[in-house]
Amino acid sequence: MSNTHQHKTQAPVRVALIGLGAIGRVIAHELLQRRGEGVQLVGAMCQHVEEGAGLDLPVVTSLPALLALEPELVVEAAGHGAVKAHGAAVLRAGCDLLLVSVGVLSDAILQAELEQAAAEAGRQLLLPSGALAGLDYLQAARMAGLSRVCLRSSKPPLAWRGTPAEALLDLAAISEPTVFFRGTAREAAAQYPKNANVAATLALCTLGMEGTFVELVADPGLAGNVHEIEAEGAAGAIKLRLDNAASPDNPKTSLVTPYSVIRSILSRRARLSV
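Keep in mind that what you see is a predicted model, and the values were worked out from it rather than measured.

What counts and what doesn't
Residues numbered from 1 in each chain as written. Predicted model: local features only at pLDDT ≥ 70, side-chain atom pairs only at ≥ 80, totals over all residues. Heavy atoms only, no water. Pairing = 2+ DSSP bridges. Helix = DSSP H or I, 4+ residues; strand = E, 2+ residues; numbered from the N terminus. Phe/Tyr/Trp six-rings, centres within 6.5 Å; stacked < 30°, edge-to-face > 60°. Buried < 20%, exposed > 50% of the residue type's maximum accessible area, 1.4 Å probe, protein only. Lys NZ or Arg CZ within 6 Å of the ring centre and 35° of its normal. Expected span 1.5 Å × (residues − 1). Contact = heavy atoms within 4.5 Å. Patch = residues over 30% accessible without salt bridge, like charges linked within 9 Å, V, L, I, M, F, W, Y side chains within 5 Å. Areas by Shrake-Rupley, 256 points an atom, 1.4 Å probe, with all protein chains shown as cover. Salt bridge = Lys/Arg side-chain N within 4 Å of Asp/Glu carboxyl O. Axes fitted to C-alpha atoms, helices over the stretch in contact; angles between N-to-C directions. Parallel < 35°, antiparallel > 145°, perpendicular 65-115°, else oblique. Left-handed = near helix turned anticlockwise from the far one by under 90°. Polar contact = N/O pair within 3.5 Å; in protein donor to acceptor, adjacent residues only side chain to side chain.

**Student:** Break down the sheet that holds strand S4 (residues 73-76) for me, with residues and values.
**Tutor:** Strands belonging to one sheet form pairs held by backbone hydrogen bonds; the direction of such a pair is parallel or antiparallel. Here six strands make up an open sheet; going across it, the order is S3-S2-S1-S4-S5-S6 and the pairing parallel. The open sheet is flanked by strand S3 (59-60) and strand S6 (125-126), the only strands paired with a single partner. Taken together, the four bridges between S4 and strand S5 (residues 96-99) define a ladder with parallel strand orientation. Paired with Val-75 across the strands is Leu-98, a residue of S5.

Written out as structure tokens, the structure reads:
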């Protein structure tokens with residue numbers, strides 16, 4: 001009998017994107033640069049083909065056309081509307097679905113629909129860590145028993161434009177950190193969908209949408225986005241502060257967010273994964 005071991009190689013994970021905005025373009029660019037790392041970006045779906053200009057990949061404008069490219073993982077980076085319109089169909093088509101717009105899960109009915117579609121198709125609904133850290137610890141601590149979880153998200157006033165915060169305070173005139181929202185993660189994610197994905201992610205990893213407390217702050221002294229997490233439970237306590245640089249293309253988003261998505265994708269074929 002030969003002692004020679006045959007090397008088994010996995011085919012690259014076939015990935016498709018929905019959305020080529022500030023986050024989607026970074027993901028696309030990085031994945032195209034990492035073709036030899038166990039991933040193949042097979043295409044993207046946008047409202048207009050022109051949105052894919054400068055990227056070496058097929059761009060389509062309908063979900064059937066995207067699914068015809070035979071992805072095994074679809075990454076949503078197009079906002080809440082895209083998740084509502086296409087999320088369940090992606091899962092039922094036999095693809096795993098990685099959500100960037102985690103805040104859409106503040107809609108309990110939609111969350112249940114997506115989870116049911118994933119269960120029926122034997123696929124996974126995946127969430128990246130986004131602009132947060134420590135989620136591995138917090139999920140382990142939840143198993144041991146968590147009693148309190150709080151998130152305080154502070155961003156420059158500019159990042160809160162186009163949100164209900166504009167009706168609560170004069171964003172151009174504030175001179176000191178101002179708390180304009182206190183409530184549950186469900187309320188934060190529903191009212192501030194483009195800013196509070198982190199609240200939804202943290203809640204889903206810990207005490208749920210109703211049990212996780214959130215404060216939102218406009219701080220003229222900040223250049224980036226600051227997230228502070230406090231949690232207590234049987235396993236101990238954690239206090240964590242993240243000072244994130246803002247995306248140069250969208251101040252509502254932290255620069256690290258698309259890279260957390262890329263890490264999630266690459267880990268599916270990584271020889272060493274944490």
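**Student:** Tell me about the packing of aromatic side chains, and please be specific about residues and values.
**Tutor:** The tally for this structure, following the rule as stated, stands at four aromatic pairs. When the ring of Trp-160 is compared with that of Tyr-192, the centres are 5.9 Å apart and the planes differ by 90 degrees; the resulting orientation is edge-to-face. Placement of Trp-160 in the loop between strand S7 (146-155) and strand S8 (178-184) and of Tyr-192 in the loop between helix H6 (185-191) and helix H7 (197-205) is noted, with a sequence separation of 32 residues between them. Each member of the pair, Trp-160 together with Tyr-192, is buried. Ring geometry for Phe-181 against Tyr-192: centres 5.9 Å apart, planes inclined by 70 degrees, an arrangement best described as edge-to-face. Of this pair, Phe-181 sits in strand S8 while Tyr-192 sits in the loop between H6 and H7, placing them 11 residues apart in sequence. Judged by relative accessible area, which is 7%, Phe-181 ranks as buried. When the ring centre of Trp-160 is taken as origin, the NZ or CZ atom of Lys-155, which lies over that ring, is 5.5 Å away.

**Student:** Provide a residue-level description of helix H1 (residues 22-33), including the pertinent values.
**Tutor:** Look at H1: 17 Å from first C-alpha to last across 12 residues, which is about the 16 Å you get at 1.5 Å a residue. Of the positions making up H1, those classed as buried are Ile-23, Gly-24, Ile-27, Ala-28, Glu-30, Leu-31 and Leu-32. On its buried face, H1 sits against strand S1 (13-18), strand S2 (39-45), S4 and helix H9 (257-266).

**Student:** Break down a nonpolar patch on the surface for me, with residues and values.
**Tutor:** There is a patch of nonpolar side chains on the surface, built from Leu-255, Val-256 and Tyr-259 and spanning about 230 Å² of accessible area. Along the chain, Val-256 falls in the loop between strand S11 (236-244) and H9.

**Student:** Now, about the packing of H1 against H9: what can you tell me, with residues and values included?
**Tutor:** Close contact between H1 and H9 brings their axes to 9 Å; oriented N to C, the two are set at 45 degrees. Here H1 is positioned oblique relative to H9, judged by the angle of their axes. Handedness of the H1/H9 crossing: right-handed. Along its contact with H1, which presents Ile-23, Val-26, Ile-27, Glu-30 and Leu-31, the element H9 presents Thr-257, Pro-258, Tyr-259, Val-261, Ile-262 and Ile-265.

**Student:** So, the side chain of Thr-206: which residues are in play, and what are the values?
**Tutor:** Position of Thr-206 among the secondary structure elements: in the loop between H7 and helix H8 (208-211). Among the polar contacts made by the side chain of Thr-206, one reaches the main-chain carbonyl oxygen of Leu-202 at a distance of 2.6 Å. Excluding its chain neighbours within four sequence positions, the residues that come into contact with Thr-206 are Leu-138, Arg-142, Leu-146, Val-149 and Thr-212.

**Student:** Tell me about the sheet that holds S7, and please be specific about residues and values.
**Tutor:** Pairing within the open sheet is mixed, and its five strands lie in the order S8-S9-S7-S10-S11. Looking at strand neighbours, the two that pair on one side only are S8 and S11, the edges of this open sheet. Along the sheet, successive strands turn relative to each other by an average axial angle of 10 degrees, direction set aside. Pairing between S7 and strand S10 (residues 225-233): eight bridges, direction antiparallel. Along S10, the bridge assignment pairs Ser-153 with His-227. Across the sheet, helix H5 (residues 135-144) touches S7, S10 and S11, and the angle it forms with S11 is around 155 degrees.

**Student:** An account of unusual backbone geometry is needed here, citing residue identities and associated values.
**Tutor:** Outside of glycine, negative phi angles account for most residues, and trans bonds account for most peptide bonds. Of note, Glu-70 is a non-glycine position whose phi angle comes to about 60 degrees, a positive value. Within the fold, Glu-70 resides in the loop between helix H2 (63-67) and S4.

**Student:** Pulling in residues and values, what's your account of H7?
**Tutor:** Most of H7 is tucked away: seven of the nine residues are buried. Packed against the buried residues of H7 are H5, S7, H6, H8, strand S9 (213-218) and S10.

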